[in-house]
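Analysis of the macromolecular model
Here is what each chain is made of, one letter per residue.
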Amino acid sequence: MGVPLLLHACCGPCSLEPLRLLRAEGFDPTICWVNPNIQPAEEHDHRLRVLRAWAEDVAHVPVVEGACDRAAWERGPARFGTDRLRRCRACYALRLAEACRMAERLGFSHVATTLAVSPYQLFDTCNDVLEALCRAHGLTPVVRDFRPYYPEATRRSRELGMYRQNYCGCRFSAAEAALERASARDARKAAKEAARSAGGA
Ligand code: SF4
């Protein structure tokens, strides 16, 4: 029997490797879903369904759900708009605070988050927030750098046929990701044209 740990999960694909690695370390994780940041609501529900199906059918891990306080997300993180650092810090704090409240209520002593696997997250900011909240709640944060395992998480989630979203969750991240994809497309096109002109010169 491992050490009980409440693992905040942002989505199914990002849960694969943290769950495996934490179990290998001797933890006995329960997944905690608290993501009022995911917009629109249908997308939130879809990601939760994907996570639940994998948790039940493949990973055999319990899932508990926290409050989905969308109004609090709008009052808090959303007011920072395109200021990504402040918006994401507030977003991590909102979600992880609820995870810590649940950990206390359910009798867990250790807390971690799957946000630590994604190279798209603000790793140090997220860990600072988790550590401060755990201190305030008398819990032990389990901070690990899962980012080297992101390619494996991508590979395994594809193999399992899991839905993989192309933005973090909020409407700002959807716009930012679309802009990044468009810039990358433009850069590739410009590079091709430059190579064609050089070839023809
Ligand atoms: S980009 Fe992700 S972490 Fe940052 S505010 Fe949006 S949903 Fe939250």
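Structure first, text after, so check above.
The present account deals with the structure reproduced in this document. As the structure is a computational prediction, the values presented were derived from the model and not from experiment. (Residues numbered from 1 in each chain as written. Predicted model: local features only at pLDDT ≥ 70, side-chain atom pairs only at ≥ 80, totals over all residues. Heavy atoms only, no water.)

**Some points on the sheet that holds strand β3 (residues 63–65)**
Convention followed: Here, a strand pair is defined by DSSP locating no fewer than two bridges between the strands. Put simply, DSSP H or I for four residues or longer makes a helix, DSSP E for two residues or longer makes a strand, and each gets a number counted from the N terminus. Any pair of residues with heavy atoms lying within 4.5 Å of one another is described as a contacting pair. An axis is simply a line fitted to the C-alpha atoms; with a helix, the fit covers only the stretch in contact. Between two such axes, the angle follows the N-to-C directions and lies from 0 to 180 degrees.
The 5 strands lie next to each other as β3-β2-β1-β4-β5, forming an open sheet whose pairing is parallel. This sheet does not close on itself; its edge strands, each paired only once, are β3 and β5 (140–141). Pairing geometry for strand β1 (residues 3–8) and strand β2 (residues 27–33), over 6 bridges, is parallel. Bridge pairing links Val3 to Phe27 in β2. In the packing of helix α2 (residues 41–59) onto the sheet, the strands contacted are β2 and β3, and the crossing angle to β2 comes to about 155°.

**Re the packing of aromatic side chains**
Rule in force here: What counts as a ring pair is set by centres within 6.5 Å for rings of Phe, Tyr and Trp (its six-membered ring), and what kind of pair is set by the plane angle: stacked under 30 degrees, edge-to-face over 60, tilted for all other angles. Only protein chains enter the area calculation, which uses a 1.4 Å probe; residues under 20% of their type maximum are buried, those over 50% are exposed, and those in between are partly exposed. In this analysis the charged atom, NZ for Lys or CZ for Arg, is taken to sit over a ring once it is within 6 Å of the ring centre and within 35 degrees of the ring normal.
Summed over the entire model, instances satisfying the criterion amount to 1 aromatic pair. Arranged with centres 6.0 Å apart and planes meeting at 80°, the rings of Tyr120 and Tyr150 form a pair that is edge-to-face. With a gap of 30 residues between them, Tyr120 in the loop between β4 (110–113) and α5 (123–137) and Tyr150 in helix α6 (residues 150–159) connect regions that are remote in the sequence. Since its relative accessible area comes to 57%, Tyr120 is described here as exposed. Its relative accessible area of 17% is what places Tyr150 among the buried residues. We note Arg47 situated over the ring of Tyr167; from NZ or CZ to the ring centre the distance is 5.0 Å. Above the plane of the ring of Phe123 lies Arg147, whose end atom (NZ or CZ) is 3.8 Å from the centre.

**Details of helix α1 (residues 16–24)**
Within the sequence span of α1, burial applies to Leu16, Glu17, Pro18, Leu19, Leu21 and Leu22. On its buried side, α1 packs onto β1, β2, α2, β4 and α6. Where α1 ends, the next residue or the one after it, Gly26, has phi of about 105°, a positive value.

**Let's talk about the site of the ligand**
To keep it simple, the criterion reads: Residue proximity to a molecule or strand is established when one non-hydrogen atom of the residue lies within 4 Å of it. In this classification, Asp, Glu, Lys and Arg are treated as charged, Ala, Val, Leu, Ile, Met, Phe, Trp, Tyr, Cys and Pro as nonpolar, and every other residue, Gly included, as polar.
Every residue close to the ligand is listed here: Asn37, Trp73, Arg87, Cys88, Cys91, Tyr92, Arg95, Gln121, Cys168, Gly169, Cys170 and Ser173. Considering each element in turn, the shell around the ligand owes the most residues, 5 residues, to helix α4 (residues 84–106). Across the shell around the ligand, the residue classes tally to 6 nonpolar, 4 polar and 2 charged.

**Quick notes on the layout of surface pockets**
Where we set the bar: Think of a 1 Å grid over just the protein atoms. A cavity is a set of points where a 1.4 Å probe fits yet cannot get out, a pocket is an open set with protein on both sides within 12 Å along at least five of seven lines, and lining residues have an atom within 4 Å of a point. Grid points are joined across faces, edges and corners, and a volume is the space filled by probe spheres set on the points.
Here the largest pocket is characterised by a volume of approximately 860 Å³. In terms of lining residues, the largest pocket is bounded by 36 residues, among which Ser118, Tyr120, Asn166, Tyr167 and Cys168 are the most central. When residues of the lining of the largest pocket are traced back to their parent elements, those giving at least two are α4, α6 and α7 (171–200). Its residues assigned to classes, the lining of the largest pocket comprises 18 nonpolar, 9 polar and 9 charged.

**Quick word on a positive patch on the surface**
As a reminder of what qualifies: Here a patch means residues that are over 30% exposed by relative accessible area and free of salt bridges, tied together within 9 Å if like-charged and within 5 Å if nonpolar (Val, Leu, Ile, Met, Phe, Trp, Tyr). Surface accessibility follows the Shrake-Rupley procedure with a 1.4 Å probe radius. Residue values consider only the protein chains on display as shielding. Put simply, a salt bridge is a Lys or Arg side-chain nitrogen that is within 4 Å of an Asp or Glu carboxyl oxygen. We treat Lys and Arg as the positive residues and Asp and Glu as the negative residues; His and chain ends play no part in the count. To locate a charge, take atom NZ for lysine, CZ for arginine, CG for aspartate or CD for glutamate.
Together, Arg181, Arg185, Arg188, Lys192 and Arg196 line one region of the surface with positive charge. Tracing the chain through its elements places Arg185 in helix α7.

**Things to note about the side chain of Thr125**
Here Thr125 shows up in helix α5. The residues touching Thr125, leaving out its near neighbours within four places in the chain, are Leu85, Arg89 and Tyr92.

**Section: the packing of α1 against α6**
This is how the line gets drawn: Geometric relationships in this document are graded by angle, where less than 35 degrees denotes roughly parallel, more than 145 denotes roughly antiparallel, 65 to 115 denotes roughly perpendicular, and other angles denote oblique.
Running from N to C, α1 and α6 point in directions that differ by 110°, and their axes come no closer than 8 Å. When the axes of α1 and α6 are compared, the pair comes out roughly perpendicular. Packed against α1, whose contacting residues are Leu16, Glu17 and Arg20, the element α6 presents Glu152, Ala153, Arg156 and Ser157 at the interface. Across the contact of α1 with α6, the residue classes tally to 2 nonpolar, 1 polar and 4 charged.

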